[in-house]
Amino acid sequence: MHSFRPVLVALLALIAFAPLAGCGLPVEPPVTGRLAAAEVAQEPGVDPSLFLADGLVQAITEEPCTLSGGTESTCYRIVVSSIPTDHDAGPWCPDTITDSAEAGGIWLEGGEVHDVDGPFIANLATFYDDPAFKLHEDDGSIRVTRSAEACAAAARPDVDEAYRNHCVQCLLEYLGEDVVHTYIIPKQPVPLERDSSLGRSAVGVAFNGVNFDPPAPTDAILGAHTLAPFDDCGGHVNPVAGYHYHAHTGCTYEVSSEDGHAPLIGYALDGYGLHARLDEAGQAPTDLDANGGHSDATRGYHYHAGEAGSNAILSGFHGEYGCAFDGAVPDEPCDASASSGPGGPPGGPPGGPPGRPTATVSPPIDPTETSEPPTATEAPHLHLPHLSSED
Ligand SMILES: [Zn+2]
Ligand SMILES: [Zn+2]
């Protein structure tokens, strides 16, 4: 982990200049450090060397960009395959209602992480107090989407009738070669005056190249009487977004901190560091803001991933974000300010990140709005299993 100690400089600067200031003499600003924020360090910014080479489709490059708040900045272009190279993916759906937890993944509900084993599937009608849930045949076999075609059909906003009451999963081998993602992230974060809500697109990227997604709209998934489990690493697959995370459970490559702080696991789309939930002593931070972030004297502002059961890795942006694109590598520069549009919620914050797919601009959504009908701009995005309100 790179060391970063600007606070010490700032403190020394304070000690050096405070007497002069008290005498009313002109004070030269220090060359380094921040007098006004002795308690909070300047953020280190994005360190491209931390990304695992195996997850990168091409070398990380720099380019001009326009951030969501209109700030002209310099961004890193990070192009990834979004297939984890540092841990296995799956399983998601068990085969029978007697299978053990090893045969399935997890489900996030009520702030808790639930093992999706056979009995969990068999018990869904009770779990959700909805007798229409029955994902298994009378012989105990579980109905699972077992082909790329089934996966695509279950991914449609209007779930194919044939795949209601299914356990929905897509396998990595269903993905084509061209499932790449491009993140254009500011080298140095720029704080917003007012926090911004998350859009539909990726909220950040892990060092293994896998995207951190906004909360999965589980209400919509359940509304079709389907279940779309995450694997034990908090990820699942859809044909457009590839493999992506909705929870951080500790599988991904991480960069430990010298001071025992929770390890760094990637970056948010605004360039702030994203850390695991727990520090080396197993303690969670107690002073997080509504975004899931806070500041300290070593790292400046940074985020901590939400609890795995919360279905929210990140809850909002503290800074101006860049761009996230799914699909073919775009040639165009990132202008995240262009995503502010008339489609945003009344009185809401400026626009969310450009949505999927690349050619369209989508307004921000409330992550809890999971029953919103699809719009024309969302239609091409078959983000299984996010159904009608793809994030
Ligand atoms: Zn998802
Ligand atoms: Zn922290």
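Overview of the structure.

Basis of the calculations
- Residues numbered from 1 in each chain as written.
- Chains lettered and ligands numbered in written order.
- Predicted model: local features only at pLDDT ≥ 70, side-chain atom pairs only at ≥ 80, totals over all residues.
- Helix = DSSP H or I, 4+ residues; strand = E, 2+ residues; numbered from the N terminus.
- Buried ≥ 20, exposed ≤ 12 C-beta atoms within 10 Å, placed from the backbone.
- Contact = placed C-beta atoms within 7 Å.
- Pairing = 2+ DSSP bridges.

### Quick word on the overall build of the protein chain
In terms of regular secondary structure, the protein chain is built from 5 helices and 16 strands. By residue count, 49% of the 391 residues in the protein chain fall in the buried class. Of the contacts made within the protein chain by residues no fewer than 6 positions apart, 68% connect residues no fewer than 24 positions apart.

### Quick notes on the sheet that holds strand S14 (residues 300-304)
The strand order S9-S10-S8-S7-S11-S12-S14-S13 describes an open sheet built from 8 strands, whose pairing is mixed. Strands with a single pairing partner mark the edges of an open sheet, and in this sheet they are strand S9 (235-238) and strand S13 (293-296). In this sheet, strand S10 (residues 242-245) lies alongside strand S8 (residues 211-212) in parallel orientation, the contact comprising 2 bridges. Paired with Phe212 across the strands is Tyr245, a residue of S10.

### Quick look at the pairing of strand S16 (residues 323-326)
Alternating positions in S16 separate into two faces, Cys323 and Phe325 on one and Ala324 and Asp326 on the other, with burial throughout. Examined bridge by bridge, strand S5 (residues 181-186) and S16 share 4 bridges and lie antiparallel to one another. Note that in S16 the partner of Ile184 across the bridge is Cys323.

### Concerning the environment of Pro64
Relative to the helices and strands, Pro64 resides in strand S1 (residues 61-66). For Pro64, the residues in contact, after removing those within four places along its chain, are Glu72, Thr74 and Pro333.

### Description of the environment of Leu198
As for its position among the elements, Leu198 is in the loop between strand S6 (191-196) and strand S7 (204-206). Sequence separation between Leu198 and Ser315 is 117 residues; the distance between their C-alpha atoms is 7.0 Å.

Shape is all these values report; function is a separate question.
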